[in-house]
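# Report on the structure
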Amino acid sequence: MRKNIITSVLPAAAISAALVLGLSACGQNDTSEPEAASTSQAASASLTLGDAWVKTAEEGMTGIFGTLENTTDKDINLVAAKYDGAGMVQLHETVDDGTGTMTMREKKGGFVIPAGGSFVLEPGGNHIMVMDLKQPIKAGEEIDVQLVTADDETIPVKAIAKDYSGAQETYAPGEAEAGKDGEKSEKDGMGDMSGMDMSGDK
């Protein structure tokens, strides 16, 4: 009889120990999950696009503007942007071609946002160029855009569509001209974009 009692107690003790270990493991997993989420949120906040907006367009091309803010202590190199509603997206700069004409062209190497600083995207200057639109962008509509850094970090941002009329920049020779029919110049798709009010309320 005594032998049987000892035998029955041992399995119970083993089960209790297993339960304690299992609960301990669950507690460790619960602790790690918030840390992962916190890291992800911190990474996504390293670069933001404040007051982001996009010029309304029925077809062809348009531009995305706003102020890029670097919240880190090191420079961030923005090398690309993505928008599912377009066939192509590029980072563009506007420069004087030497004749007094302002010319738009792709910015080789992308934009560098200084540590703790900002970088303005505006009509007639640096901007995100959206080409070969697959559908119209209407006033008040909000589009989803992804910013891609040299470190392969992808940062989602939203831009609200606003009506705007503006400048006479042209495309630099040799630059790809994209549009609905593949023949429109950037000027055709963007309209007059110089001297633009950054609020876009026009």
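Residues numbered from 1 in each chain as written. Predicted model: local features only at pLDDT ≥ 70, side-chain atom pairs only at ≥ 80, totals over all residues. Heavy atoms only, no water.

Now for the overall build of the protein. Across its full length, the protein carries 2 helices and 11 strands. Relative to its 202 residues, the protein shows a buried fraction of 36%. By sequence separation, contacts in the protein at least 24 residues apart represent 70% of the contacts at least 6 residues apart. Counting every atom, the protein has about 11,200 Å² of accessible surface; 52% of that belongs to carbon and sulfur. (Helix = DSSP H or I, 4+ residues; strand = E, 2+ residues; numbered from the N terminus. Buried < 20%, exposed > 50% of the residue type's maximum accessible area, 1.4 Å probe, protein only. Contact = heavy atoms within 4.5 Å. Areas by Shrake-Rupley, 256 points an atom, 1.4 Å probe, with all protein chains shown as cover.)

Right, let's talk about the confidence of the model for the protein for a bit. Model confidence for the protein is summarised by a mean pLDDT of 75, while 59% of its residues fall at 70 or above. Confidence drops under a pLDDT of 50 for residues 5-10, and excluding neighbours within four residues, the segment shows 0 contacts in the predicted structure. Considering only residues more than four positions removed or in separate chains, one finds that residues 191-202, a stretch of pLDDT under 50, has 42 contacts. (pLDDT = per-residue confidence, 0-100.)

Our focus in this paragraph is the packing of aromatic side chains. For the structure shown, the criterion picks out 3 aromatic pairs. With 4.8 Å between their ring centres and 40 degrees between their planes, Trp53 and Phe65 make a pair best called tilted. Placement of Trp53 in strand E1 (residues 47-55) and of Phe65 in strand E2 (residues 62-70) is noted, with a sequence separation of 12 residues between them. Like Phe65, Trp53 is buried. Aromatic pair Trp53 and Tyr164: ring centres 5.9 Å apart, planes at 75 degrees, arrangement edge-to-face. One end of the pair, Trp53, is in strand E1; the other, Tyr164, is in the loop between strand E10 (154-162) and strand E11 (170-171), with 111 residues separating them in the sequence. Tyr164 carries the same exposure label as Trp53, and that label is buried. Taken together, Trp53, Phe65 and Tyr164 form an aromatic cluster joined through their ring pairs. (Phe/Tyr/Trp six-rings, centres within 6.5 Å; stacked < 30°, edge-to-face > 60°.)

You can see Ser118 is positioned in strand E7 (residues 118-121). For the pair Ser118 and Gly50, spaced 68 residues apart in sequence, the C-alpha separation works out to 9.8 Å.

Applying the stated criterion across every chain yields a total of 5 salt bridges. Linking Glu58 and Lys138 is a salt bridge whose minimum nitrogen-to-oxygen distance equals 2.8 Å. Placement of Glu58 in the loop between E1 and E2 and of Lys138 in the loop between strand E8 (127-133) and strand E9 (142-149) is noted, with a sequence separation of 80 residues between them. You can call Lys138 partly exposed: its relative accessible area is 44%. Linking Glu106 and Lys108 is a salt bridge whose minimum nitrogen-to-oxygen distance equals 3.7 Å. Overall, Lys108 belongs to the exposed group, its relative accessible area being 64%. One network of salt bridges, in which partners are shared, links Glu93, Arg105 and Lys107. (Salt bridge = Lys/Arg side-chain N within 4 Å of Asp/Glu carboxyl O.)

What follows covers the nonpolar core. Counting 29 residues, the largest nonpolar core has Ile64, Leu68 and Leu147 as its most contacted members. In this view, Leu147 contacts Leu47, Leu49, Leu68, Leu78, Ala80, Ala81, Ile128, Glu153, Thr154, Ile155 and Val157; residues no more than four positions away in its chain are not counted. (Core = buried A, V, L, I, M, F, W, Y, C linked by side-chain atoms within 4.5 Å.)

A few words on the side chain of Thr56. Its location among the elements puts Thr56 in the loop between E1 and E2. A relative accessible area of 13% places Thr56 in the buried class. Setting aside chain neighbours within four positions, we find Thr56 in contact with Thr62, Ile137, Lys138, Ala139, Ala161, Lys162 and Asp163.

Before going further, it helps to examine the pairing of E9. A regular strand places its side chains on the two faces of the sheet in alternate fashion. Relative to E9, strand E3 (residues 76-82) is paired through 4 bridges, and the arrangement is antiparallel. Bridge pairing links Lys82 to Gln146 in E9. Relative to E10, E9 runs antiparallel, the two sharing 7 bridges. What sits directly across from Leu147, in E10, is Ile155. In this antiparallel pair of consecutive strands, E9 and E10, the connection spans 4 residues, and Asp152 shows a positive phi of 65 degrees. (Pairing = 2+ DSSP bridges.)

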